[in-house]
Amino acid sequence: MCGIVGFVGIDKASSVLLEGLSKLEYRGYDSAGVAVIDKDHINVIKCKGRLANLEKKLESHPLNGCVGIGHTRWATHGEPSDINAHPHSNADGTISVVHNGIIENYVELRNELKAKGYKFVSETDTEVIPQLIDYFYDGDLVDAVMKAASKLQGSYAIGVICSKEPGKLVAARKDSPLVVGVGKGEYFIASDIPALLNHTRDVYFLNDNEFVVMDNSGVKILDENKKEIKRDIYHVTWNANAAEKGGYDHFMAKEIHEQPKAIKDTMTSRIMKGKPVTLDNISLTKEQIDNIDKIYIVACGTAYHAGVVGKYAIEKLARIPVEVDVASEFRYREPIINKKTLMIIISQSGETADTLAALREAKAKGARVIAVTNVVGSTVSRETDDVLYTWAGPEIAVASTKAYVTQLIVMYTLALFFAQNKGTLSDSEIENLKAEMLTLPEKAEQVLENEDVVKDFASKNYAESDMFYIGRGLDYAVAMEGSLKLKEVSYIHSEAYAGGELKHGPIALIEKGTVVIAGATQQKLVEKMISNIKEVTTRGAKVLAFALEGSKEVKDVVDSVIYVPKVIDVFAPVLSVIPLQLLAYYMAIKKGCDVDKPRNLAKSVTVE
Ligand code: G6P
């Protein structure tokens, strides 16, 4: 996820671009850059780090010109660096491009272009775009952009300028956001509305596979056949703050709603119908996998809870013994690690001190380490040879939501990859599981459509001071995460217990009116869970269950049920965690808590 802006007008482009980018830093902030046309050539200034670095650089290298593009980056392909920062250009610097999205076939395109003599300087997927446009350019930028776009697979919102057509900016979108701002004699593109609001409130929303051409005379929206599309102007009435959050009141709500896309992006090019499961560039042979005698999954907080699901999935599907541990415990308990150990580190930020220490310990003892992280260029990603990224985009709210579901997707991908290589599942079983995984984005969307049931429950129960979360198997793993979310954002005390364990102590705390959230998505365990639910209802507990659609037996024994779409047991956590995230969110809102920045917590914990 990155932010792009573009400007055509009479003011100095660089200041307008910088100001627009400052409103998009929430989309990424590891590097930034601008390209501005000055008479007949393009000047590009870009650098690693926050926008402030770019501002500084521009003070000593001021740019003239009224047409330009800008970018703030959230690295996906290639670490954050000056070279990998956008804009990217063709060899003679006559075409510059900013891009938000992922070009899935960039390796193929890169190779084709290299065979034609094109040279690449960055590690990015984006660099193929200006090179492709260059390849197709024959005096008409719009034609060349359209031809290049027809070759791109994946997602993109792009802004393109060309010094041979100096007054013009061309943009296009597919599966990445892009809006067009219409001012008085000045025109804009941006990934999100806040970047425009200081200049105009009149915008066009673009649809996939549409193109935009703007110059001093105005803006045209074109379809793939260059036919002009008439679009009504939308007048923005929200304030900039709300718009930055995509119309949501808080980043946490926005991030919960971004989960279907984050799940989809994280499966991209790893889970595909009819193709083997792949782990990006990680080479792990069958022999190496057969040689693994134990896997440790080590992480903190929410990432640890994703590890618990990972343990279930890997043991069930690939039959390799897995131990999962919190990093602060792991590092001091003298774990038995040798060359046959595989360690999986999970960390959204890639900077958590205890997780890093566990990684270093395992490496020093000769274990192979695979890191699962959301941040390209983070310390964890730099200290391991093997990294699997979760493509959740920047997570701003302190309580982790979309990072968690993408961590689950990576855990399933690893489990299937191991199963495929060890032969613990047949080809058709793997095909079925992949097909099921590919339905998760749509099913997650359906869960979000039922948000009101959770909201209603929260509004009736937010005054509680203690709650319990119970579940068996994977529902227990989800219960732990649900309970953590509630504590983090609403400050309500809660405990997660394995359904069968409650009677060994904590049941003493159940009394009339105690709220218990019970998970019952695991078909084989539903009956056992119903017995556990009855144990608490007979003692007066008020139970909200989460279960799979059609599971009527649960409804009869609880006060209310949140249904999630039917799904194979092992994948249920991806869907059942969503109502629990929403529950924590709405309880916190009702209590008036600062959900995005809960007291005493930090997003990235870099101390022991
Ligand atoms: C902090 C955050 C949690 C997060 C944990 C691990 O406690 O508040 O949301 O789960 O750190 O962070 P990591 O970046 O390593 O996943």
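None of these values were measured; they are calculated from a predicted model. (Residues numbered from 1 in each chain as written. Predicted model: local features only at pLDDT ≥ 70, side-chain atom pairs only at ≥ 80, totals over all residues. Heavy atoms only, no water.)

Q: Provide a residue-level description of the state of the cysteines, including the pertinent values.
A: Under the criterion given, the structure shown has zero disulfides. Just so you know, Cys-162 is unpaired, no disulfide at all, and the nearest cysteine sulfur is the one on Cys-66, 17 Å from it. Look at Cys-162 and you get buried, because its relative accessible area is 0%. (Disulfide = S-S within 2.5 Å. Buried < 20%, exposed > 50% of the residue type's maximum accessible area, 1.4 Å probe, protein only.)

Q: Hey, could you go over the packing of aromatic side chains for me, with residue numbers and the actual values?
A: Enumeration according to the criterion identifies 10 aromatic pairs in this entry. Members of the aromatic cluster, joined through ring pairs, are Tyr-118, Tyr-135 and Phe-136. One residue, Arg-50, lies across the ring of Tyr-29, its end atom 4.3 Å from the ring centre. When the ring centre of Tyr-135 is taken as reference, the NZ or CZ atom of Lys-116 above it lies at 4.9 Å. (Phe/Tyr/Trp six-rings, centres within 6.5 Å; stacked < 30°, edge-to-face > 60°. Lys NZ or Arg CZ within 6 Å of the ring centre and 35° of its normal.)

Q: Lay out the domain arrangement of the chain in plain terms, naming residues and giving numbers.
A: For the chain, the assigned domains are domain 1 (3-244), domain 2 (252-438) and domain 3 (447-591). Put simply, the middle of domain 1 and the middle of domain 2, counted by C-alpha atoms, are 34 Å apart. Taken together, the contact between domain 1 and domain 2 spans 13 residues of the former and 11 residues of the latter. Taken over both partners, the interface formed by domain 1 and domain 2 buries close to 990 Å², and the fraction arising from carbon and sulfur atoms is 70%. Counting the contacts that link domain 1 with domain 2 gives zero salt bridges. (Domains from an automatic or database assignment. Contact = heavy atoms within 4.5 Å. Buried area = accessible area lost by both parts, 1.4 Å probe. Salt bridge = Lys/Arg side-chain N within 4 Å of Asp/Glu carboxyl O.)

Q: An account of the UniProt feature "domain: SIS" (unreviewed entry) in the chain is needed here, citing residue identities and associated values.
A: Here the UniProt-annotated "domain: SIS" (unreviewed entry) positions come out as residues 285-424 and 453-598. A helix fraction of 47% and a strand fraction of 20% characterise residues 285-424, whose end C-alpha atoms lie 15 Å from each other. A distance of 24 Å separates the end C-alpha atoms of residues 453-598, which is 42% helix and 21% strand. (UniProt positions renumbered as here; feature names shortened; annotations may be inferred. Helix = DSSP H or I, 4+ residues; strand = E, 2+ residues; numbered from the N terminus.)

Q: Pulling in residues and values, what's your account of the environment of Asp-280?
A: Structurally, Asp-280 is set in the loop between α8 (259-267) and α9 (286-291). In this structure the C-alpha to C-alpha distance between Asp-280 and Tyr-389, which are 109 residues apart in sequence, comes to 9.2 Å. In contact with Asp-280, not counting residues within four places along its chain, are Arg-270 and Leu-388. Reaching out from Asp-280, the side chain makes a polar contact with the side chain of Arg-270 at a distance of 2.7 Å. (Polar contact = N/O pair within 3.5 Å; in protein donor to acceptor, adjacent residues only side chain to side chain.)

Q: Before we move on, can you summarise the site of the ligand with the specific residues and values?
A: Around the ligand lies a shell of 14 residues, among which Ser-347, Gln-348, Ser-349, Thr-352 and Ala-602 are the nearest. At 2.6 Å from an oxygen atom of the ligand is found a side-chain nitrogen or oxygen belonging to Ser-347. In this structure, an oxygen atom belonging to the ligand sits 2.4 Å away from a side-chain N or O atom of Thr-352. In the complex, 89% of the free accessible area of the ligand, which totals 390 Å², lies under the protein chains. Broken down by element, the residue count for the shell around the ligand peaks at three residues, all from helix α10 (residues 301-318). (Near = heavy atom within 4 Å. Areas by Shrake-Rupley, 256 points an atom, 1.4 Å probe, with all protein chains shown as cover.)

Q: Tell me about the UniProt feature "domain: Glutamine amidotransferase type-2" (unreviewed entry) in the chain, and please be specific about residues and values.
A: Per the UniProt entry, the sites bearing "domain: Glutamine amidotransferase type-2" (unreviewed entry) are residues 2-217 in this numbering. Along residues 2-217 the backbone is 23% helical and 31% strand, and the end-to-end C-alpha distance reaches 29 Å.

Q: Give me the lowdown on the pairing of strand β23 (residues 515-520), citing residues and values where you can.
A: Here β23 lies mainly inside the structure; six of its six residues are buried. Taking every second residue as pointing to the same face, both faces of β23 are buried, with Val-515, Ile-517 and Gly-519 on one and Val-516, Ala-518 and Ala-520 on the other. Of the strand pairs in this sheet, β23 and strand β24 (residues 542-548) are connected by six bridges, and their pairing is parallel. Note that in β24 the partner of Ile-517 across the bridge is Leu-544. (Pairing = 2+ DSSP bridges.)

Q: Provide a residue-level description of the sheet that holds β24, including the pertinent values.
A: Across the sheet, which stays open at both edges, the five strands sit in the order β22-β21-β23-β24-β25 with parallel pairing between neighbours. The open sheet has two edge strands, β22 (493-498) and β25 (560-564), and neither has a second partner. For this sheet the average axis-to-axis angle between neighbouring strands, irrespective of direction, equals 20 degrees. (Axes fitted to C-alpha atoms, helices over the stretch in contact; angles between N-to-C directions.)

Q: Which residues make up the side chain of Gln-522, and what values do they have?
A: Here Gln-522 shows up in the loop between β23 and α19 (526-537). Dropping the residues within four chain positions of it, Gln-522 is found in contact with Arg-472, Leu-474, Asp-475, Asp-569 and Ala-572.

Q: Would you mind going over the sheet that holds strand β8 (residues 169-174) in detail, with residue names and values included?
A: The sheet built from seven strands is open, its strands ordered β5-β6-β7-β8-β12-β13-β14 with antiparallel pairing. Among the strands making up the open sheet, the edge pair consists of β5 (88-89) and β14 (228-229). Pairing geometry for strand β6 (residues 95-100) and strand β7 (residues 156-162), over six bridges, is antiparallel. In the strand pairing of β7, Ser-96 is matched with Ile-161. The strands touched by helix α4 (residues 128-136) within the sheet are β5, β6 and β7, with β6 carrying the most contacts at an inclination of about 135 degrees.

Q: Which residues make up the packing of helix α14 (residues 402-422) against helix α15 (residues 427-438), and what are the values?
A: At a minimum axis distance of 11 Å, the contact between α14 and α15 shows a crossing angle of 165 degrees. As far as their axial angle goes, α15 and α14 are roughly antiparallel. Of the two possible hands of crossing, α14 and α15 adopt the one that is left-handed. Judged by residue contacts, Ile-409, Tyr-412, Thr-413, Leu-416, Ala-419 and Gln-420 of α14 engage Ile-430, Leu-433, Lys-434 and Met-437 from α15. Its residues placed into classes, the contact of α14 with α15 shows seven nonpolar, two polar and one charged. (Parallel < 35°, antiparallel > 145°, perpendicular 65-115°, else oblique. Left-handed = near helix turned anticlockwise from the far one by under 90°. Nonpolar A, V, L, I, M, F, W, Y, C, P; charged D, E, K, R; others polar.)

Q: Would you mind going over the pattern of salt bridges in detail, with residue names and values included?
A: Counted by the stated rule, this structure contains 29 salt bridges. Lys-261 serves as the salt-bridge partner of Asp-265, at 2.7 Å between the closest nitrogen and oxygen. With Asp-265 and Lys-261 both in helix α8, this residue pair falls four residues apart, about one helical turn. Given a relative accessible area of 44%, Lys-261 falls into the partly exposed group.

Q: Provide a residue-level description of the side chain of Thr-514, including the pertinent values.
A: Along the polypeptide, Thr-514 turns up in the loop between β22 and β23. Within the local environment of Thr-514, its side chain forms a polar contact with the backbone oxygen of Glu-511, the two atoms lying 2.9 Å apart. Look past the residues within four positions of Thr-514 in its chain and what remains in contact with it is Phe-468, Leu-509, Gly-540, Ala-541 and Lys-542.

Q: Go over the packing of α10 against α14 with me, naming the residues and quoting the values.
A: Each pair of packed helices gets described by two things: the angle between the helix axes and the distance between those axes. Running from N to C, α10 and α14 point in directions that differ by 20 degrees, and their axes come no closer than 9 Å. Overall, the two elements α10 and α14 adopt an arrangement that is roughly parallel. Like other packed secondary-structure pairs, α10 and α14 cross with a definite hand, here right-handed. Where α10 approaches α14, its residues Thr-302, Ala-303, His-305, Ala-306, Val-309, Gly-310, Ala-313, Ile-314, Leu-317 and Ala-318 are matched on the opposing element by Tyr-404, Gln-407, Leu-408, Met-411, Tyr-412, Ala-415, Leu-416, Phe-418, Ala-419 and Lys-422. Counted by class, the contact of α10 with α14 contains 15 nonpolar, four polar and one charged residues.

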